[in-house]
Amino acid sequence: MNKNLLLLIAVFILLISLIIYVNWEEEKQVYHIGILIANDSRYDKVRGLKDELETLGFYEGENTVYHEYQSKYGEDIVYQASTLLANPLDIIVTAGGVETLIIKNLNPDVPVVFIGVASPEEWGLVAGHKGGSNITGIDNGQIDVIGKRLELLAKINPKVKKIMVLTDKKAPPTSIAISETLSSIHLLDLNYDIVSIENSQEVRELISDQNFDYQAILPLPSFVLEEVLVNELPLLKEKRIFVMGAYPEQVEKGMYMAYGSSFYEQGVQAAHLVSKVLWGSSVTSIPIEHPERYLLKANYNSLLDIGWELDEKKQSIFDEIIYLGEIIK
């Protein structure tokens, strides 16, 4: 066989290989993931989601495109959801109950995975319970830990005798959260009142009232309450009112103490459900999951601001303690 023929065969093989590679590149699956977020405070869920999806083989800019929409600067979240649905999507990820309910009501023909919803059955997000057949996700476990939060509050400061159980009239899980509170609070030496609000302005008015005589506030699951109580921390500290937080991220923003599942870890956990759907599993075959772990976290400086001290024995029960912005435990 002469050299010219060998060269011709080599060129032919190279051309065939190039054609195969180009066709493979053109046919390679690209996943389109829609994300709806109600506010900045929930973005840690999205960070956890994206970080874990990358470890599972979903690379942004290569085989994965994120269509991310967030309500901010007064923009209507319903508008953001509608705009999101105008994109070609393989799946929608929602960052909480409000976002998920809005997407559900728009009835997209796309599977949905939610990150962190309290009692999703009360939102109608469980198949066979008020709908929700194309939806699954991570229950944030807030209902499950109400009793534990009460127990921790009483343990950290036994001098607290009167608390306000603060609820959001518009939050779907409120009734079941109240039932859970009542079943736990009678075991403790606490006087309490259940107070309901409809918006964040009412919370500020409650705290500002000169007749406010509660030593602590236990907020029940609510999109409104998780944000407004962090925003009102300066006033709460001025009046020396303790609030039991729901998420470790709140403590990083100055909240005194919190017991719950972190937003970031909820996102990591949700990524595995998203990957199952993108790899071909039916949403109806993927059950809703509960958090894999809960953290007890404290902001040492914020507690000192209201005269609460953590001795070594009390410090020992925390998973993490922040002091001057640094994690000391």
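This write-up is about the structure you can find in this document. Just so we're clear, the structure is a prediction, and the values are computed from it rather than from any experiment.

1. A few points about the packing of aromatic side chains
Part 1 of the reasoning: If you walk through the whole model with that rule in mind, you get 8 aromatic pairs.
Part 2 of the reasoning: Ring centres of phenylalanine 242 and tryptophan 308 lie 4.3 Å apart, and the angle between their planes is 10°; this geometry places the pair in the stacked category. In this pair, phenylalanine 242 is assigned in strand β9 (residues 242–245) and tryptophan 308 in the loop between α12 (300–305) and α13 (312–315), connecting sequence segments 66 residues apart. You'll find phenylalanine 242 and tryptophan 308 in the same group, each marked buried.
Part 3 of the reasoning: Summarising the aromatic geometry, the rings of tyrosine 247 and phenylalanine 263 are spaced 4.2 Å apart at their centres and angled 50° between planes, so their arrangement reads as tilted. Of this pair, tyrosine 247 sits in the loop between β9 and α10 (248–252) while phenylalanine 263 sits in helix α11 (residues 263–278), placing them 16 residues apart in sequence.

2. A word on α11
Part 1 of the reasoning: A rise of 1.5 Å per residue sets the reference length of α11, with its 16 residues, at 22 Å; its end C-alpha atoms lie 22 Å apart and thus fit the reference within 8%.
Part 2 of the reasoning: Among the residues of α11, those classed as buried are Phe263, Gln266, Gly267, Gln269, Ala270, Ala271, Leu273, Val274, Ser275, Val277 and Leu278.
Part 3 of the reasoning: Note on α11: the residue one or two positions beyond its end, glycine 280, has a positive phi of about 115°.

3. Comments concerning the sheet that holds strand β1 (residues 31–37)
Part 1 of the reasoning: Reading across from one edge, β2-β1-β3-β4-β5 is the order of the 5 strands in this open sheet, with parallel pairing throughout. Of all the strands in the sheet, just β2 (64–70) and β5 (135–139) have a single pairing partner and so form its edges. Here the strands of the sheet are splayed against their neighbours by 20° on average, with no regard to which way each runs.
Part 2 of the reasoning: Relative to strand β4 (residues 112–117), strand β3 (residues 91–94) runs parallel, the two sharing 3 bridges.

4. A few points about the pattern of salt bridges
Part 1 of the reasoning: A complete count under the given rule lists 13 salt bridges for this structure.
Part 2 of the reasoning: Here aspartate 44 ties to arginine 47 by a salt bridge, and the two come within 2.9 Å at their closest N and O atoms. In this pair, aspartate 44 and arginine 47 both sit in helix α2 (residues 43–55), 3 residues apart, roughly one turn of the helix.
Part 3 of the reasoning: A residue is classified by how much of its surface remains accessible, and arginine 47, at 39% relative accessible area, is partly exposed.
Part 4 of the reasoning: A salt bridge links lysine 162 to aspartate 213, with the nearest nitrogen and oxygen atoms 3.0 Å apart. You can see lysine 162 sitting in strand β6 (residues 162–168) and its partner aspartate 213 sitting in the loop between α7 (200–208) and β8 (216–219), a full 51 residues away along the chain.
Part 5 of the reasoning: For aspartate 213, a relative accessible area of 44% translates into the label partly exposed.
Part 6 of the reasoning: Among the charged side chains, a network of salt bridges with common partners joins Arg42, Glu99 and Glu226.

5. Considerations on the sheet that holds β6
Part 1 of the reasoning: Strand order in the open sheet formed by 8 strands is β7-β6-β8-β9-β10-β11-β12-β13, and the pairing between neighbours is mixed. The sheet terminates laterally at β7 (191–197) and β13 (326–327), the two strands that pair on one side only.
Part 2 of the reasoning: Taken together, the 4 bridges between β6 and β8 define a ladder with parallel strand orientation. From the neighbouring strand, valine 165 faces β8, where its bridge partner is leucine 218.

6. Overview of the environment of valine 93
Part 1 of the reasoning: Tracing the backbone shows valine 93 in strand β3.
Part 2 of the reasoning: What makes valine 93 buried here is its relative accessible area of 1%.
Part 3 of the reasoning: In sequence terms valine 93 and isoleucine 135 are 42 residues apart; their C-alpha atoms lie 9.8 Å from each other.
Part 4 of the reasoning: Residues within four places of valine 93 in sequence aside, it is in contact with Ile33, Gly34, Ile35, Leu36, Leu49, Val113, Ile115 and Val274.

7. Some words on the nonpolar core
Part 1 of the reasoning: If you look at the biggest cluster of nonpolar residues, it comprises 49 residues, and the most contacted ones within it are Ile163, Leu229, Leu236, Phe242, Tyr256 and Met257.
Part 2 of the reasoning: At 5 residues, the largest contribution of residues to this core is made by helix α5 (residues 146–156).
Part 3 of the reasoning: Counting residues in hydrophobic clusters, the runner-up holds 23 residues, among them Tyr31, Ile33, Leu53 and Ile115.

8. Some details on empty space enclosed by the protein
Part 1 of the reasoning: Inspection of the entire model under this criterion finds 1 cavity of 30 Å³ or more.
Part 2 of the reasoning: Looking at the largest cavity, its volume works out to about 90 Å³.
Part 3 of the reasoning: Pro219, Leu225, Glu226, Ala246 and Gln250 are, among the 14 residues lining the largest cavity, the residues nearest its centre.
Part 4 of the reasoning: A class-by-class count of the residues in the lining of the largest cavity yields 9 nonpolar, 4 polar and 1 charged.

9. Thoughts on the side chain of glutamate 52
Part 1 of the reasoning: Summarising the element assignment, glutamate 52 is placed in helix α2.
Part 2 of the reasoning: Put simply, glutamate 52 is tucked away with no salt bridge, and the nearest opposite charge, on arginine 47, sits 11 Å away.
Part 3 of the reasoning: Once you skip the residues sitting within four places of it in the chain, glutamate 52 turns out to touch Val268, Ala271 and His272.

10. Some thoughts on the environment of aspartate 76
Part 1 of the reasoning: The residue aspartate 76 is located in the loop between β2 and α3 (77–84) in this model.
Part 2 of the reasoning: In this structure the C-alpha to C-alpha distance between aspartate 76 and alanine 38, which are 38 residues apart in sequence, comes to 9.4 Å.
Part 3 of the reasoning: A polar atom in the side chain of aspartate 76 sits 3.0 Å from the backbone nitrogen of valine 78.

Parameters and conventions
- Residues numbered from 1 in each chain as written.
- Predicted model: local features only at pLDDT ≥ 70, side-chain atom pairs only at ≥ 80, totals over all residues.
- Heavy atoms only, no water.
- Phe/Tyr/Trp six-rings, centres within 6.5 Å; stacked < 30°, edge-to-face > 60°.
- Helix = DSSP H or I, 4+ residues; strand = E, 2+ residues; numbered from the N terminus.
- Buried < 20%, exposed > 50% of the residue type's maximum accessible area, 1.4 Å probe, protein only.
- Expected span 1.5 Å × (residues − 1).
- Pairing = 2+ DSSP bridges.
- Axes fitted to C-alpha atoms, helices over the stretch in contact; angles between N-to-C directions.
- Salt bridge = Lys/Arg side-chain N within 4 Å of Asp/Glu carboxyl O.
- Contact = heavy atoms within 4.5 Å.
- Core = buried A, V, L, I, M, F, W, Y, C linked by side-chain atoms within 4.5 Å.
- 1 Å grid on protein atoms, 1.4 Å probe; cavity = no way out; pocket = protein on both sides within 12 Å on 5 of 7 lines; lining within 4 Å.
- Points joined across faces, edges and corners; volume = space filled by probe spheres on them.
- Nonpolar A, V, L, I, M, F, W, Y, C, P; charged D, E, K, R; others polar.
- Lys, Arg positive; Asp, Glu negative; His and termini not counted.
- Polar contact = N/O pair within 3.5 Å; in protein donor to acceptor, adjacent residues only side chain to side chain.

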